[in-house]
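Coordinates in review
As a plain string of letters, each chain reads:
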Amino acid sequence: TFLLSAFLISRLALPDAARRAKKKENGDNGKRIDFAQTFRELKEGWQFIFVNPVVRSVNLGLATGLIGGGMVVPLGSIFARDILGAGAAGYGVFITSLGFGVATGVVLLSVTQKKLPLVRMFELSIFGAGGTLIFSASMSTLSLTIIGVFLLGICGGAVYVVGFTLLHENVDDELRGRIFSALYTIVRLCLLIAFALGPFLSELLDRLSNRLFTDRTVSLLGRDLFVPGERITLWLAGGIILIAGMVVYWSLRAGTREDQKI
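Scope of this entry: the structure provided in the associated data block. Every value quoted in this text rests on a predicted model; they were computed, and no experiment measured them.

Definitions and cut-offs
Residues numbered from 1 in each chain as written. Predicted model: local features only at pLDDT ≥ 70, side-chain atom pairs only at ≥ 80, totals over all residues. Heavy atoms only, no water. Helix = DSSP H or I, 4+ residues; strand = E, 2+ residues; numbered from the N terminus. Buried < 20%, exposed > 50% of the residue type's maximum accessible area, 1.4 Å probe, protein only. Areas by Shrake-Rupley, 256 points an atom, 1.4 Å probe, with all protein chains shown as cover. Contact = heavy atoms within 4.5 Å. Axes fitted to C-alpha atoms, helices over the stretch in contact; angles between N-to-C directions. Parallel < 35°, antiparallel > 145°, perpendicular 65-115°, else oblique. Left-handed = near helix turned anticlockwise from the far one by under 90°. Nonpolar A, V, L, I, M, F, W, Y, C, P; charged D, E, K, R; others polar. Salt bridge = Lys/Arg side-chain N within 4 Å of Asp/Glu carboxyl O. Core = buried A, V, L, I, M, F, W, Y, C linked by side-chain atoms within 4.5 Å. Expected span 1.5 Å × (residues − 1). 1 Å grid on protein atoms, 1.4 Å probe; cavity = no way out; pocket = protein on both sides within 12 Å on 5 of 7 lines; lining within 4 Å. Points joined across faces, edges and corners; volume = space filled by probe spheres on them. Phe/Tyr/Trp six-rings, centres within 6.5 Å; stacked < 30°, edge-to-face > 60°. Patch = residues over 30% accessible without salt bridge, like charges linked within 9 Å, V, L, I, M, F, W, Y side chains within 5 Å.

Our focus in this paragraph is the overall build of the protein. Counting secondary structure elements, the protein contains 10 helices and 2 strands. Each of the 262 residues in the protein was classed as buried or not, and the buried ones make up 37%. In the form shown here, the protein has an accessible surface area of approximately 15,800 Å², with 66% of it arising from carbon and sulfur atoms.

Right, let's talk about the side chain of N59 for a bit. Along the chain, N59 falls in helix α4 (residues 53-69). Given a relative accessible area of 3%, N59 falls into the buried group. Apart from residues lying up to four places away in sequence, N59 is in contact with I49, L167, L183 and I186.

Time to look at the packing of α4 against helix α9 (residues 173-212). Each pair of packed helices can be summarised by the angle the axes make with each other and by the distance between the axes. One can describe the packing of α4 onto α9 by two numbers: an axis separation of 7 Å at closest approach and a directional angle of 20 degrees. With respect to α9, the axis of α4 lies roughly parallel. For the element pair α4 and α9, the recorded crossing hand is right-handed. Between α4 and α9, the contacting residues are V55, N59, L62, A63, L66 and I67 on the first element and I179, L183, I186, V187, C190, L191 and A194 on the second. Looking at the contact of α4 with α9, its residues break down into 12 nonpolar, 1 polar and no charged.

Taken as a whole, this structure holds 2 salt bridges when the rule is applied. Among the salt bridges present, the one from E123 reaches R120, with a minimum N-O distance of 3.7 Å. Taken together, the positions of E123 and R120, both in helix α7 (residues 118-138) and 3 residues apart, correspond to about one turn of that helix. The shortest N-O distance in the salt bridge between E203 and R207 comes to 3.4 Å. Within this pair, E203 and its partner R207 are both found in helix α9, separated by 4 residues, close to a single helical turn. With a relative accessible area of 42%, E203 lands in the partly exposed category.

A word on the nonpolar core. M71 and F122 are the most contacted members of the largest nonpolar core, which has 49 residues in total. Secondary-structure elements contributing two or more residues to this core are α4, α5 (72-83), α6 (87-112), α7, α8 (142-170), α9 and α10 (229-261).

What follows covers α5. For α5, with 12 residues, the first-to-last C-alpha span of 14 Å runs short of the 16 Å given by 1.5 Å per residue. Where α5 ends, the next residue or the one after it, G85, has phi of about 65 degrees, a positive value.

The subject of this paragraph is α7. In a regular helix each residue adds 1.5 Å, so 21 residues correspond to 30 Å; α7 covers 30 Å between its end C-alpha atoms and thus fits that length. Looking only at α7, the buried set comprises L118, F122, E123, S125, I126, A129, G130, T132, L133, S136 and A137.

Turning to the layout of surface pockets, a few remarks are in order. One number sums up the size of the largest pocket: a volume of about 650 Å³. Listing elements by their share of the lining of the largest pocket, those giving two or more residues are α4, α5, α6, α7, α8 and α9. The biggest single contributor to the lining of the largest pocket is α8, with 7 residues. The residue makeup of the lining of the largest pocket, split by class, is 18 nonpolar, 7 polar and no charged.

A few words on the packing of aromatic side chains. For the structure shown, the criterion picks out 6 aromatic pairs. These aromatic residues form a ring-pair network of at least three members: Y160, F164, F180 and Y184.

Next up on the list: empty space enclosed by the protein. Vacant regions in the atomic arrangement are exposed by a probe of water-molecule size rolled over the atoms. Applying the stated rule across the entire model yields 1 cavity of 30 Å³ or more. Along its surface, the largest cavity is lined by V72, G76, F79, F94, L133, S136, A137, V149 and L234. For the lining of the largest cavity, the secondary structure elements donating two or more residues are α5 and α7.

Next up on the list: the packing of α4 against α7. Two numbers describe how α4 lies on α7: the axes approach to 11 Å, and their chain directions differ by 10 degrees. Considering their axes alone, α4 and α7 lie roughly parallel with respect to each other. Listed contacts from α7 to S57, V58, G61 and G68 of α4 are F122, I126 and L133. Of the residues contributing to the contact of α4 with α7, the split by class is 4 nonpolar, 3 polar and no charged.

The next thing to look at is a nonpolar patch on the surface. A cluster of nonpolar residues, L60, I243, M246, V247, Y249 and W250, forms a patch on the protein surface that exposes about 530 Å² of accessible area. One can find W250 in helix α10.

Note that every value here comes from positions in space, so none of it alone points to a role or purpose.
Right under this line is the structure:
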């Protein structure tokens, strides 16, 4: 994909006359790299993220949500094997369902987003992702888990499409590259945290569950529920996504009040 992208970009005609003229106006002869200017541009991008309520909320929602949602990847195979008893084949169905859900969410939102209130849709999608993850982690049968994971994928795809649309609508052209580079950095960092933190939390919570509950089983509504560390961690991941939704909601409302005052 990188090679294909490089080939496609190499075939584009990118006029740089205006860029050269601007450099000459600024006294830049093109023979040196201005690291100070690069730093200033990065600083402007990060400042804009904190100042603009929509951009701030999208970054907070995607970043915090990915800390929770990213834990599904390292824990999904263990959940399918030890809790659902479905083995490697079950995990394959699990991931396939998630992928189809994301694709469905992306397609649906790409077609209908012009008719929807994007800010409200972004908030609801984050809350939906957290709720469906908690639902999926609470199930003990593969069929119900697949339904929950599919809905999780739809919400995740909606968050992706709506979040990027909001950024494009609320960021000027000269700042767009800096904002998206900051977003990608935050997203990858949060995914790395989720991948590293998920298994560690799972092991820690599994030991805690083994100490607190007999055979790591609790009685809930007259039924026994197996609560190993993987399930508790996924519940926690869903809770993190819900917290991200609340942070986004408060941030957007605070930004709206600020705009009204101005």
